[in-house]
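# Fold and contact review
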Amino acid sequence: MCLAVPGKVVEQEGDEIARVDFGGVRKSVSLALVEDVAVGDYVLVHVGFALQRIDPEEAERTLALLAELDRLPDE
């Protein structure tokens, strides 16, 4: 199973690289597959590549669901 995680672009590091914030963890991500990404945009990221831009409301809903999963007890 593959999982793409939403993150917020916080800094451009070049034409095809950006720093993306994943709830406090910041990673360098390739923007080679997505056009016209700007600081403040949310992107779906899989294995270090932004796959597409998503709207902020969808990103927040997804992040809230992931946080909820993190709070489930381990069984």
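What comes next is a walk through the structure. (Residues numbered from 1 in each chain as written. Predicted model: local features only at pLDDT ≥ 70, side-chain atom pairs only at ≥ 80, totals over all residues. Heavy atoms only, no water.)

It is worth spelling out the pairing of strand β1 (residues 5–12) at this point. In this structure, β1 lies alongside strand β4 (residues 42–46), joined through four bridges in antiparallel fashion. Its bridge partner lying in β4, valine 5 is registered against valine 45. Pairing of β1 with strand β2 (residues 17–22), which is carried by four bridges, proceeds in the antiparallel orientation. Bridging across to β2, lysine 8 finds its partner in aspartate 21. In textbook terms, the turn of a hairpin is the stretch between consecutive antiparallel strands, and for β1 and β2 this stretch comprises four residues, one of which, glycine 14, has a positive phi near 150 degrees. (Pairing = 2+ DSSP bridges. Helix = DSSP H or I, 4+ residues; strand = E, 2+ residues; numbered from the N terminus.)

Among the surface-exposed residues, Leu33, Val47, Phe49 and Leu51 lie close enough to one another that they form a single nonpolar patch of about 400 Å² accessible area. Counting through the fold element by element, valine 47 comes out in the loop between β4 and β5 (49–54). (Patch = residues over 30% accessible without salt bridge, like charges linked within 9 Å, V, L, I, M, F, W, Y side chains within 5 Å. Areas by Shrake-Rupley, 256 points an atom, 1.4 Å probe, with all protein chains shown as cover. Salt bridge = Lys/Arg side-chain N within 4 Å of Asp/Glu carboxyl O.)

On to the nonpolar core. One finds Val9, Ala18, Val20, Val29, Leu31, Val34, Val37, Val43, Val45 and Ala50 forming the largest nonpolar core, which totals ten residues. Elements supplying a minimum of two residues to this core: β2 and β4. When neighbours within four sequence positions are excluded, valine 43 is seen to be in contact with Val5, Pro6, Gly7, Val9, Val20, Val37, Ala50, Gln52 and Arg53. (Core = buried A, V, L, I, M, F, W, Y, C linked by side-chain atoms within 4.5 Å. Buried < 20%, exposed > 50% of the residue type's maximum accessible area, 1.4 Å probe, protein only. Contact = heavy atoms within 4.5 Å.)

Counting through the fold element by element, serine 30 comes out in strand β3 (residues 25–30). Polar contacts involving the side chain of serine 30 include one to the main-chain amide nitrogen of alanine 32, which spans 3.2 Å. In contact with serine 30, other than residues within four places in its own chain, are Glu16, Ile17, Gly48, Phe49 and Ala50. (Polar contact = N/O pair within 3.5 Å; in protein donor to acceptor, adjacent residues only side chain to side chain.)

Of all the five residues making up β4, four are buried; the element is thus mostly covered by neighbouring parts of the structure. As paired elements, β4 and β5 share five bridges and run antiparallel to each other. For leucine 44, the partnering residue across the bridge sits in β5 and is glutamine 52. Remark: two residues form the turn of the hairpin made by β4 and β5, two consecutive strands paired antiparallel; valine 47 in that turn has positive phi of roughly 45 degrees.

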